[in-house]
Amino acid sequence: MATSSKSNAETMANELAHSLEATMGRLQNIWDEIGIMEEQRKDRRKVVLHHLQALLEEMVAEEENLRTRLLQSVEDCGKELLKISKELHVPVYEPEEGLTILTLEKELRTRVDTLSKEKHDRMKQLSSLKEKEQQLCDTLCTTPFYIAPDTVPSNDQLAKLRQHISTLQTEKNTRQEVFLETKRKIITYLDDLDLTPNSSFERDVVCEDEESFVLSSDNMAALQTLCAELEKKQNDLIAMASDLRIQVTTLWDRLMIEQSEREAFNRDNQGFKPRVLKALREEIERCRELKLQNIRRYVEGLRAEITQLWNKCYFSQEQRNQFTEFFSDDFTEDLLEIHDQQVARLKQYYDNNRDILKFVEKWEDLWKKMLEFERRANDPSRYNNRGGGLLQEEKERKKVHKLLPKVEEEVSRAIREYEQKTGQPFLVDGCPFLDYVTAQWNKHNEEKEQEKHRRHLAKAKQLEEEQKNGSKPATTPKRRFLTTPTKTPTKRKMDGTFGPSPSPAKKTPMHHSSVMFASPLHRPPRSCKKTPKTPGGRLPKSRPPLPGSGLRKALAERNTPDRTHGFSMSTLSGSSGTNASLMSCGTYSEFSREVPCRSSAISVIPDEEAVHL
């Protein structure tokens, strides 16, 4: 490079020498034409040389000045670049070696411009973010994100500041929603309670603009406290109003106040505002005055309530009799007070043992359902239902039989826990629950035995009447066999076969009020047998037949011919009024000769077990 510069300098010197020689030649010609003397020409040559030297020196000075300025710029840019790099927390620029002053100055100046622009952008972002943050911090009364003043924030600091602002904005939105919702509740509570804002804070919440409310942690806590206090006041008033209404209703029931008067009062005094509570208290005082004026009617109302509570608490008659004032006829204020106290004690007892009593009530309901299903099972008309009711009834019956022992176990477990906790027995109808259940089962079984005995006596009485007066043809729809008058009646021959009966020579008029017919079982009816009696005169208890067993037995015997017996008959009542026993009639021929009958009135007397079924 030095050789090239030297060659360029020599070339330039040659050009300058050639240009100077040409220029001096032209000046020499001009001087010749002008006629300037040699001495003057020497002076002029000195002037030309002086000008040339001055020009060159001036040019050199200017270039030296440029060099100096470039070096100063390089130094200044280097310092600025170092400062900005530190402020921006970026690595310091290291220029390449061998760069000229001009190139180095340009590189440094470009770097400084770039970093200065980035610094300006960061400071602008910081200013904008700080403004938003300050607004949120003023609203939420929180501390701003700290960034050292008079410093350029780093990109990481700017990112954290943006995250902080986002968190503050989310918190503000959440608190704003809570504030609006709580404000709405507070306004509703104040309206329900007939209250107005008293404190400055309450006025700020209710009356001021929503955006002006400071959503600080303290204000939000105070807001929640105010809302909770108003809610508690409202709940207290609701409970108080409910209690007052219960007292008013109780007094109305005991005083037997007209329904129209009750509806009018309730229509004008709805809710739980202070004026409504005042009206309820005034109504209670009015009813109490009426109570004192109508002690007898009020005591009777209390006694009706006491009876209901006794029933709900399953008190025995002995326990009820202990309250002797219940039967007093001396209607005084003292008696009224005693009855009021008794009602309060019974209510307290019921409230304390509500769960157990509910279990007992559930058991009672299932027990009644079981008894009802057994009553229906003994009703023959239930089989006439073709709508699927029997299947549904059977499902319900099985459900009841399944639930009854479970509920009984639940009641027993609850009573055991109660007795272990209180150390006192829990009585149902004056006895332990299991004894009460046992008594109910014994009573039920006794009633069933009595019902069996009553039916047995009724059957025995009916059979006895049939022996005396003769049996009437059965007319049950499912056992009636009617023959048409046009058909010839058949009779059984001596060999057991059936054939047409010979037509009589002339018809014999019928004077019988009832006709006795052959039993399909071909055996004497059970009514002919002597029923043994116990020494006490009662019939012995017999196990009732299984359902359908009598019917199946009767059908089997009816389908099996028995030639060893004739038709079993009870008695025949004729026109002469005498009773003739038909047990001596061995065959149908003998029977037909003894008793004339109409073929259109033949009916089968069912077996007593089938009748019972």
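Residues numbered from 1 in each chain as written. Predicted model: local features only at pLDDT ≥ 70, side-chain atom pairs only at ≥ 80, totals over all residues. Heavy atoms only, no water.

## Some points on the overall build of the protein chain
- A tally of helices and strands in the protein chain yields 17 helices and 6 strands.
- Here the protein chain holds 613 residues, and the buried ones make up 29% of them.
- Partitioning the contacts of the protein chain with sequence separation of at least 6, the portion at a separation of at least 24 is 73%.
- Put simply, the protein chain shows about 41500 Å² of open surface, and 52% of that area lies on carbon and sulfur atoms. (Helix = DSSP H or I, 4+ residues; strand = E, 2+ residues; numbered from the N terminus. Buried < 20%, exposed > 50% of the residue type's maximum accessible area, 1.4 Å probe, protein only. Contact = heavy atoms within 4.5 Å. Areas by Shrake-Rupley, 256 points an atom, 1.4 Å probe, with all protein chains shown as cover.)

## Quick look at the packing of helix 11 (residues 333-352) against helix 12 (residues 354-377)
- Following both chains from N to C, one finds helix 11 and helix 12 inclined at 80°, their axes separated by 5 Å at the closest point. Overall, the two elements helix 11 and helix 12 adopt an arrangement that is roughly perpendicular. Residues Y350, D351 and N352 of helix 11 touch helix 12, and the partners they reach there are R354, L357 and K358.
- Split into classes, the residues belonging to the contact of helix 11 with helix 12 amount to 2 nonpolar, 1 polar and 3 charged. (Axes fitted to C-alpha atoms, helices over the stretch in contact; angles between N-to-C directions. Parallel < 35°, antiparallel > 145°, perpendicular 65-115°, else oblique. Nonpolar A, V, L, I, M, F, W, Y, C, P; charged D, E, K, R; others polar.)

## Overview of unusual backbone geometry
- At C141, a position not held by glycine, the phi torsion is positive, near 55°.
- Mapping C141 onto the fold places it in the loop between helix 3 (101-140) and helix 4 (155-192).
- Residue classification places C141 among the exposed positions, given a relative accessible area of 51%.
- The backbone of M256 sits at a positive phi, close to 55°, despite the residue not being glycine.
- By secondary structure assignment, the location of M256 is in the loop between helix 6 (217-255) and helix 7 (259-268).

## Concerning the packing of helix 7 against helix 8 (residues 274-293)
- The geometry of helix 7 relative to helix 8 is characterised by a closest axis approach of 10 Å and an angle of 155° between their N-to-C directions. When the axes of helix 7 and helix 8 are compared, the pair comes out roughly antiparallel. Taking contact as the criterion, the partners of E261, F265 and D268 in helix 7 are, on helix 8, R275, A279, L280, E283 and R286.
- Each residue belonging to the contact of helix 7 with helix 8 can be placed in one class, and the counts come to 3 nonpolar, no polar and 5 charged.

## A closer look at the packing of aromatic side chains
- Applying the stated rule across the entire model yields 12 aromatic pairs.
- Seen in terms of ring centroids, W252 and F265 are 5.6 Å apart; in terms of plane orientation they differ by 90°. Their pairing is edge-to-face. Of this pair, W252 sits in helix 6 while F265 sits in helix 7, and the two are 13 residues apart along the sequence.
- Three or more aromatic residues joined by ring pairs form one cluster here, namely W363, W367, F433, Y436 and W441.
- Note that R303 overlies the ring of F326, its terminal NZ or CZ placed 5.6 Å from the centroid. (Phe/Tyr/Trp six-rings, centres within 6.5 Å; stacked < 30°, edge-to-face > 60°. Lys NZ or Arg CZ within 6 Å of the ring centre and 35° of its normal.)

## What about a negative patch on the surface?
- Together, D329, D330, E333, D334 and E337 make up a region of like negative charge exposed at the surface.
- Relative to the helices and strands, D334 resides in helix 11.
- Relative accessible area serves as the criterion here: at 58%, D334 is assigned to the exposed category. (Patch = residues over 30% accessible without salt bridge, like charges linked within 9 Å, V, L, I, M, F, W, Y side chains within 5 Å. Salt bridge = Lys/Arg side-chain N within 4 Å of Asp/Glu carboxyl O. Lys, Arg positive; Asp, Glu negative; His and termini not counted. Charge placed at Lys NZ, Arg CZ, Asp CG, Glu CD.)

## Notes on the nonpolar core
- Core analysis: the biggest nonpolar cluster contains 78 residues, and I186, L280, W363 and F433 have the highest contact counts within it.
- The leading source of residues in this core is helix 6, at 12 residues.
- Setting aside its immediate chain neighbours within four residues, W363 contacts L404, V407, E408, F433, Y436, V437 and Q440.
- Formed by 11 residues, the second largest nonpolar core is a distinct cluster that contains V74, Y93, L104 and V152. (Core = buried A, V, L, I, M, F, W, Y, C linked by side-chain atoms within 4.5 Å.)

## Regarding a nonpolar patch on the surface
- Where nonpolar side chains cluster on the molecular surface, the patch consists of L55, L56 and M59 and spans about 280 Å² of accessible area.
- Considering the arrangement of structural elements, one finds L55 in helix 2 (residues 38-88).
- Judged by its relative accessible area of 44%, L55 is partly exposed.

## What about helix 14 (residues 433-469)?
- The end-to-end C-alpha distance of helix 14 is 53 Å, a good match for the 54 Å that 37 residues give at a rise of 1.5 Å each.
- Within the span of helix 14, buried status applies to F433, Y436, V437, Q440, H444, L463 and E466. (Expected span 1.5 Å × (residues − 1).)

## Some words on helix 9 (residues 295-313)
- Between its first and last C-alpha, helix 9 extends 26 Å over 19 residues, near the 27 Å set by a 1.5 Å rise per residue.
- Positive backbone phi, at 60°, marks Y314, one or two positions downstream of helix 9.

## Describing the side chain of R175
- Mapped onto the secondary structure, R175 falls in helix 4.
- For R175, a relative accessible area of 12% gives the class buried.
- Look past the residues within four positions of R175 in its chain and what remains in contact with it is L140, L215, S216, S217 and M220.

## Examining the pattern of salt bridges
- Under the definition given, this model contains 27 salt bridges.
- Of the charged contacts in the structure, one is a salt bridge between K273 and D194, with a shortest N-O distance of 3.9 Å. With K273 in the loop between helix 7 and helix 8 and D194 in the loop between helix 4 and helix 5 (200-206), the pair connects residues that are 79 residues apart, well separated along the chain.
- The class for K273 is partly exposed, based on a relative accessible area of 26%.

## Topic: the side chain of R303
- When you line up the elements, R303 lands in helix 9.
- Reaching out from R303, the side chain makes a polar contact with the backbone oxygen of S328 at a distance of 2.6 Å.
- Residues in contact with R303, not counting those within four places in the same chain, are E325, F326, F327, S328, F331, L335 and H339. (Polar contact = N/O pair within 3.5 Å; in protein donor to acceptor, adjacent residues only side chain to side chain.)

## So, the confidence of the model for the protein chain
- The predicted model of the protein chain has a mean per-residue pLDDT of 75, with 74% of residues at 70 or higher.
- Per-element averaging of pLDDT across the protein chain places strand 5 (residues 571-573) at the bottom with 35 and helix 7 at the top with 91.
- Across residues 476-613, where pLDDT falls below 50, the model places 183 contacts with residues more than four positions away in sequence or in other chains. (pLDDT = per-residue confidence, 0-100.)

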